[in-house]
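For reference, the chains in residue letters:
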Amino acid sequence: MRAACSTEMMMTIFLSLLIFSLVLDICFTGVQQQLVNGEGDKRSGDEQVAQRPDKIEANSGETVNFTCTVSGIAIEVATVRKRFTKIMNAEKSTFKVDSIYEDRLSGSGSSTSFTVTFRNLTVEDSDIYLCNVLTVNKKEIYTHGTLLIVHPAPNGKFL
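Below or above, wherever it landed, is the structure these notes cover. From a predicted model like this one, the values you see are computed outputs, not experimental measurements.

1. Here's the deal with the sheet that holds strand E3 (residues 64–71)
Next, step 1: Here we have 4 strands laid out as an open sheet, ordered E1-E3-E8-E7, and antiparallel in their pairing. Edge positions in the sheet fall to strand E1 (48–52) and strand E7 (105–110), since each of these pairs with one other strand and no more. Mean inter-strand twist for the sheet, computed between neighbouring axes without regard to direction, equals 15°.
Next, step 2: In terms of strand pairing, E7 meets strand E8 (residues 113–118) through 6 bridges, oriented antiparallel. Directly across from Ser-106, in E8, lies its bridge partner Thr-117.

In structure tokens, the structure reads:
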């Protein structure tokens, strides 16, 4: 019983620290990107890149989805990043997935409206996943991201 509590406490501390570091990374990255692009808080017209949902909680072994949509922007390519690492490209209706995620990650739709499906989750998949686009004018636009929190399997066994 004591080992189970200790494991749960360690997992809670780990996830808390992970979330805290991810929030700091996203805040810093967002401010840095705005400074590089000279954008500040400006938003123009109907240009929009959106990602839903903001947060997903799941258990090891489960499958989750999030969506990315682009409107009012002519784009060259859309990408999905796990924090700073590009893990998938979406060009028109073709999706190229990094070989590390090849058997667990897929995209469907088009580069302006697509669903990302993540299968057979592990605790190590916990992170922030960002959709971003490269416009035809070579401007990068990022979303706020989806925070994915993966809990160990409910029976205490890791899959």
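Now that the structure is up, let's keep going.
2. So, the side chain of Ser-111
Next, step 1: Take Ser-111: it is sitting in the loop between E7 and E8.
Next, step 2: What Ser-111 contacts, discounting residues up to four positions off in sequence, is Val-70, Ile-75, Ala-78, Ala-90, Glu-91 and Lys-92.

3. Brief notes about the state of the cysteines
Next, step 1: Counted according to the given criterion, the structure contains 1 disulfide.
Next, step 2: A sulfur-sulfur distance of 1.5 Å marks the disulfide that ties Cys-68 to Cys-131. In this pair, Cys-68 sits in strand E3 while Cys-131 sits in strand E9 (residues 127–135), placing the two residues 63 residues apart along the sequence. The same class applies to Cys-68 as to Cys-131, namely buried.

4. So, the packing of aromatic side chains
Next, step 1: Under the counting rule described, the total for this entry stands at 4 aromatic pairs.
Next, step 2: On the basis of an interplanar angle of 35° and a centroid distance of 6.3 Å, the ring pair of Phe-66 and Tyr-129 is categorised as tilted. Of the two residues, Phe-66 sits in strand E3 while Tyr-129 sits in strand E9, which places them 63 residues apart along the sequence.
Next, step 3: Taking relative accessible area as the criterion, Phe-66 reaches 4% and is therefore assigned buried.
Next, step 4: Residue class for Tyr-129 comes out buried when judged on its relative accessible area of 1%.
Next, step 5: Between Tyr-101 and Phe-118, the ring centres sit 5.8 Å apart and the planes meet at 85°, which makes this aromatic pair edge-to-face. One end of the pair, Tyr-101, is in the loop between strand E6 (94–97) and E7; the other, Phe-118, is in strand E8, and 17 residues separate them in sequence.

5. Quick word on unusual backbone geometry
Next, step 1: The amide bond that connects Arg-52 to the next residue, Pro-53, takes the cis arrangement and shows omega of -5°.
Next, step 2: Inspection of the secondary structure puts Pro-53 in the loop between E1 and strand E2 (55–59).

So, how was this worked out
Residues numbered from 1 in each chain as written. Predicted model: local features only at pLDDT ≥ 70, side-chain atom pairs only at ≥ 80, totals over all residues. Heavy atoms only, no water. Pairing = 2+ DSSP bridges. Helix = DSSP H or I, 4+ residues; strand = E, 2+ residues; numbered from the N terminus. Axes fitted to C-alpha atoms, helices over the stretch in contact; angles between N-to-C directions. Contact = heavy atoms within 4.5 Å. Disulfide = S-S within 2.5 Å. Buried < 20%, exposed > 50% of the residue type's maximum accessible area, 1.4 Å probe, protein only. Phe/Tyr/Trp six-rings, centres within 6.5 Å; stacked < 30°, edge-to-face > 60°.

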